Each structure stands twice: as C-alpha cells, then as structure tokens.
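# Inside the fold
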Amino acid sequence: MEATSTPPPEKVGEKSDEDVATHFEPVAIDPATNRRLLRKIDWRLMPVLCFTYAIQYYDKGLLGQAAVFGLRTDLGLTQGYSYSWVSLIFYFGHIVGMYPCSLLAQRFHPRRVCSTLTIVWAVIVLTTPSCHSYAGILVNRFFLGIVEAGVSPVFMLIVGLWYTHDEQVLRSSIWYSFSGGSLLVSPLINYGLAHIQSSHVRPWQIMYYFAGSISFLWGIALLWIFPDSPQRARGFSEEERRLLVERVRVNNAGTENKYVRFYQIKEALLEYQFWGIMLLSMLSCTGSSTATQFASIVFSGMGFDAYTSLLLNLPTGFMAFVCILGSGYLARHWNNSRFHIISLSCLPVIFGCCLVWQLGNDKPGGRIFGFYMLNFFSSAWVQCIGLGTSNTAGYTKKTVYAAGTFIGYSLGNIMGSLLFDAKFGPRYNESFTGIMVCFALCFFLSQGVRFLLQKKNTRRDAKYGVPTIEHGLEDLTDKENKSFRYPL
C-alpha cells in the first residue's frame, strides 16, 4: 500500500534536532502509561494556556466595559460608527499580524514568542489611558491587535504538538473557555475600580492601568513557565519526551519543524477546506464582538445604568463556560460530530436574535435572555479552532490553517462591529437581524463542508485501505500522507 507521495526537493537533506524523534520505530504505549502522560501534560499546559488567554481576553474586551465609564464621551466616540471603528480596527491589526506571528512561532521557541508578545501587548494597554483623541485610540487599538494576533495561533500549534486528534477539541475548549472566565471576573474587578474617586485619572483609565500591569508581570513569568514543544519541555525525563512524541504519531500530522515549506503554504491556500473553515470562523464570530464589545451598550440601551450594565455581563461569562466546554465535551464523546455541533450551535443564536429584535421594551427580561443566547456562537467557534488544528498535516501548513482560522475570526468581529451603527440604537434591531442572517448561512455551510470531506475520506478508504501510522511523525501534509483521515 502506498503511504505517501514523493516529497518535494526542498525536503531532501533537511533535518533539525527537534525532529530526530521521527526516525525512531513506532513504540506501543500501554493505556496506563498514556493516561499518566496525559494527566501530566494537562497539568503542565492547561493552567498556563488558560490564564494567558484569560488575561488576553480581559485586555481585549476591556473596551466594552470601559465604554460606559467615560471612554466614549472623553474620546468623542458617541456618533455614527466611531466606536465601532475603535472596536473593529483591533481586528484589522489581527489580520496584519496573524501570519507573521504564526511564522515567528514556527521559527523560534513558542515560549519566547508568547512571552515577548504578552509583554509588548501589556505595554500597549498601559499606554491606552494616554490617548486623548479618536485618532490616538485608533492607532493604539490597531497595534494591540497586531501583537495579540500571535497568541491564539501559538496555542493551536501547541495543542497540535502535544495532543492526539481525539484530545484536541476538548483541550482547545478548555483554554478558550477562559474567555468566559475573564468575563466572570473582569466586571467585578472593574466595578470596584470604577468606584475609585480621583481628580486626575478617570475610571476607564484606572481599568487600563490595572489590566496592563497584570499582563506585564505575567509576560515575564511566561519566560519560565510557558510550555515549549514536547522535545524541550521542562519537567519530563528523556524517556517521557520520546513517549510524548510517540503519542501523537497516530495523528499522521507530523511534529515540530522549523523549516518553512513554501509548497505547504501554496497547498493550503488552494484547498476548499481552508476557505471553508475560514468562512465558518468568520460567520460564527460575528457574535463575538456583540457579546464582548457591545454588551454593556446594549444593556444601557435597555434603560440600565452604567454599573448595572456592567454587572449584567457576568452571566455572559458563565454562558461562555457552559457553551465552550459543552461543545468540547460533545465533540469528545460524539464521534465525527464537529460540523454537526457547529450547525446546532447556530440555532440558539438565531432564536436569541429573534427575541432581542421582536420583543418590546416592556419585556427587558426576555430581551436580556435572548442576548445571552448569542453566547452559543462560542460553541461553533471553538469547533472551528479544533478543525484548524486537526484537519490538516504538515507543520508549515498547520501554521497557515491556524492563521486562516483566526483571520476568519477577525473578519467576523469586523462584520459584527460594523452592524452596530449608533443610529440603530438603542434597540439595534437591524444589527441583530444581520447577525441572525450570518448564523443561518453558517448552519448550511458547515454541512456542505462536512459532506465534501466525508466523500474525500471515503475515496481514500477505497483506494488506500486502512490507515497506518508509520509516517505519522514525518513533516508530510494531509495530501501527501494517504493515511490521513479528516475528522468530521
């Protein structure tokens, strides 16, 4: 049986110390050892990834909470799309920085890249209170978007290096769920900070000084505690490191490689799957900006004061936890269900948009409930993260997919922000109608991509037979490795 196609010339003779493990013969790992290693991996990786993502989400989402404490009025963001542009320009920065940051993560140690990015974004957050004009806050947010763009793709690569396909969606769900953890804690912190009385510093400025200081200290700590690849991770013996690499051979997706394979970039960009996952990310993330950047504004438009509007964000954090972890749990225990989960997650969002849109102002409880339903966007989005990690092979190609997934995320947040023109307030009926249309499209697109990938798996089974794992650690793409099968 043919297992691979002939690798291109640029692969010949290239070898680094990181992929020496690929030349070992496959080793059987008994279930008890595998469980022990998995527990150790989880304890080493998950707390660091979770807290890092929580503070990144805290810094990114702070705009929406600071908006009702003077930021919009102080910087002249109360007319037209001015506030929306301050929100969405962050994601233009994301698009600009996404692939360069992903390449940095491939070329250099992930630990150093993530630590450096965290320190730099902390400095940018600390300078936000110095912005005194519309132009100034636009520049600040744009550069914050560039720097923060690298964190999530690095996390996707880390999860792909350490975990098997079956384990990846749940682990991605765990670290991404801490966006909800951030939304559970940050309103309480900012509620307290907003009560600080000062004649020199506005409440929204105090919020930014606090958030930037926490991120700066954590960025320094990451130099020592952030997990690198399995071959260089601290706290594991040499034998354990070999077994860590052996665990992921079954992925048939290769292991870490610092050479940039340009043919893999081209291959990714010519695949319908790449564009399908990017579009699914884009459509599902139109709900992201609504739930974070515009939540307090929507609640304020329902007649609540600034402090109550801030506290109404707390259930949003709880819903994020439930939706993200529930999505990961279903994918772990319901085989080949990822695209189905995306489609099913669209239904509560559509229902919630209908409630916010159709219920009258005399029924704020129903409208608030409908707004909380929008958090099911995260159930769909976390599956897109998993698909961007597990549905391709080849290290360079994985970086392209990771970047593409989060470019889709950025475009979705841009679309969502543009739906919220100030003239639509205070009800924003047109805005919620637009989000509803996006999720209807997402429902059908998910099933279309799944149908095409299922046909591809069927053709491979018929032509090449049962998949094998002897080439599982080689830097081959899913197109080259005929034993690769696409998770559905």
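Now for a description of the structure that goes with this document. Everything numeric in this text was worked out from a predicted model, so none of it was measured. Each chain carries its own residue numbering, running from 1 in the written order of its sequence. The predicted origin of the model limits local features to residues at a pLDDT of at least 70 and limits the giving and counting of side-chain atom pairs to 80 or more, whereas totals for whole chains, interfaces and linings rest on all residues. Side-chain metrics rest on all non-hydrogen atoms present in the structure, leaving aside hydrogens and water.

## Topic: the overall build of the protein chain
Note the cut-off: Helix numbers and strand numbers start at the N terminus; a helix is a DSSP run of H or I with at least 4 residues, a strand a run of E with at least 2. In this treatment the radius of gyration is a C-alpha quantity, and the globule benchmark scales as 2.2 Å times the residue count to the 0.38 power. Think of it in three bands: with a 1.4 Å probe and only protein chains considered, a residue is buried below 20% of the maximum accessible area for its type, exposed above 50%, and partly exposed in between. Any two residues whose heavy atoms approach within 4.5 Å at even a single point are treated as in contact. When charges are counted, Lys and Arg are positive and Asp and Glu negative, with His and the chain ends excluded. Working definition for charges: the position is that of NZ of Lys, CZ of Arg, CG of Asp or CD of Glu.
A count of helices and strands for the protein chain gives 20 helices and zero strands. On C-alpha atoms alone, the protein chain measures out to a radius of gyration of 23 Å, which is about the 23 Å that the 2.2 N^0.38 rule sets for 488 residues. In terms of overall dimensions, the protein chain has C-alpha extents of about 70 × 45 × 40 Å along its principal axes. The buried share of the protein chain, taken over its 488 residues, is 61%. Intrachain contacts of the protein chain at a sequence separation of at least 6 include 85% that bridge at least 24 residues. When the 41 basic and 32 acidic side-chain charges of the protein chain are each reduced to a single mean position, those positions are 3 Å apart.

## Re helix H11 (residues 272-284)
Inclusion rule: Here the expected span of a helix is defined as 1.5 Å times the quantity of residues minus one.
Over its 13 residues, H11 extends 18 Å from the first C-alpha to the last, a length consistent with the 18 Å expected when each residue adds 1.5 Å. H11 sits mainly inside the fold: 10 of its 13 residues count as buried. Buried residues of H11: Gln 273, Phe 274, Gly 276, Ile 277, Met 278, Leu 280, Ser 281, Met 282, Leu 283 and Ser 284, and no others. Residues of H11 that are buried make contact with helix H10 (262-269), helix H12 (286-292), helix H16 (338-358), helix H18 (377-390), helix H19 (395-418) and helix H20 (429-464).

## A look at empty space enclosed by the protein
Here is the rule: Think of a 1 Å grid over the protein atoms and nothing else: a 1.4 Å probe that fits but is trapped marks a cavity, an open set flanked by protein within 12 Å on at least five of seven lines marks a pocket, and residues with an atom within 4 Å of a point count as lining. Grid points are joined across faces, edges and corners, and a volume is the space filled by probe spheres set on the points. Polar here means any residue other than Ala, Val, Leu, Ile, Met, Phe, Trp, Tyr, Cys and Pro, which are nonpolar, and Asp, Glu, Lys and Arg, which are charged; Gly is therefore polar.
In total, this model carries six cavities of 30 Å³ or more according to the counting rule given. Computed from the structure, the second largest cavity encloses a volume of approximately 60 Å³. Looking at the lining of the second largest cavity, the elements that each hand over two or more residues are helix H7 (165-193), H12, helix H15 (314-333) and H18. Broken down by element, the residue count for the lining of the second largest cavity peaks at four residues, all from H7. Residue composition of the lining of the second largest cavity, by class: seven nonpolar, five polar and no charged.

## Describing the environment of Pro 348
With respect to the helices, strands and loops of the structure, Pro 348 is situated in helix H16. Between the C-alpha atoms of Pro 348 and Val 154, which are 194 residues apart in sequence, the distance is 31 Å. Discounting chain neighbours no more than four positions away, the residues touching Pro 348 are Met 373 and Phe 376.

## Brief notes about the packing of H16 against H18
Our working definition: To define axes, lines are fitted to C-alpha atoms, for helices over the stretch in contact only, and angles between the resulting N-to-C directions are given on a 0 to 180 degree scale. Oblique is the label for any angle not covered by the other classes, which are roughly parallel (under 35 degrees), roughly antiparallel (over 145) and roughly perpendicular (65 to 115). By the definition used in this description, the sense in which the near helix is turned from the far one sets the handedness, with an anticlockwise turn below a right angle giving left-handed and a clockwise turn giving right-handed.
At a minimum axis separation of 7 Å, H16 and H18 run at an interaxial angle of 160°. Between H16 and H18, the angle is such that the two are roughly antiparallel. Of the two possible hands of crossing, H16 and H18 adopt the one that is left-handed. Here H16 contributes Arg 338, Phe 339, Ile 341, Ile 342, Ser 345 and Val 349 to the contact with H18, which in turn contributes Phe 377, Ser 379, Ala 380, Gln 383, Cys 384, Gly 386, Leu 387 and Ser 390. Within the contact of H16 with H18, the residues separate by chemical class into eight nonpolar, five polar and one charged.

## Points about the pattern of salt bridges
Any two side chains of opposite charge can pair, so long as their charged atoms come close to each other. The following threshold applies: Salt bridges are identified by distance alone: a Lys or Arg side-chain nitrogen within 4 Å of an Asp or Glu carboxyl oxygen.
On inspection of all chains with the given rule, the structure shows 10 salt bridges. Across the salt bridge formed by Lys 40 and Glu 240, the nearest N and O atoms sit 3.1 Å from each other. You can see Lys 40 sitting in helix H1 (residues 31-66) and its partner Glu 240 sitting in helix H9 (residues 238-247), a full 200 residues away along the chain. Here Lys 40 falls in the partly exposed class, since its relative accessible area comes to 24%.

## Overview of the nonpolar core
As a rule of thumb, nonpolar side chains are buried together in soluble globular proteins. Using the following cut-off: Within this scheme, the nonpolar core is defined by two criteria: the residues are buried Ala, Val, Leu, Ile, Met, Phe, Trp, Tyr or Cys, and they are joined through side-chain atoms within 4.5 Å.
Counting 133 residues, the largest nonpolar core has Phe 155, Trp 162, Trp 175, Tyr 176, Phe 226, Trp 381 and Phe 432 as the members making the most contacts within it. With 15 residues, the single largest contributor to this core is H1. Not counting chain neighbours up to four residues away, the residues in contact with Phe 226 comprise Val 48, Leu 49, Pro 110, Arg 111, Cys 114, Val 154, Phe 155 and Ile 158.

## Overview of the environment of Leu 311
In this structure, Leu 311 sits in helix H14 (residues 306-311). The class for Leu 311 is partly exposed, based on a relative accessible area of 31%. Separated by 257 residues in sequence, Leu 311 and Ala 54 place their C-alpha atoms 18 Å apart.

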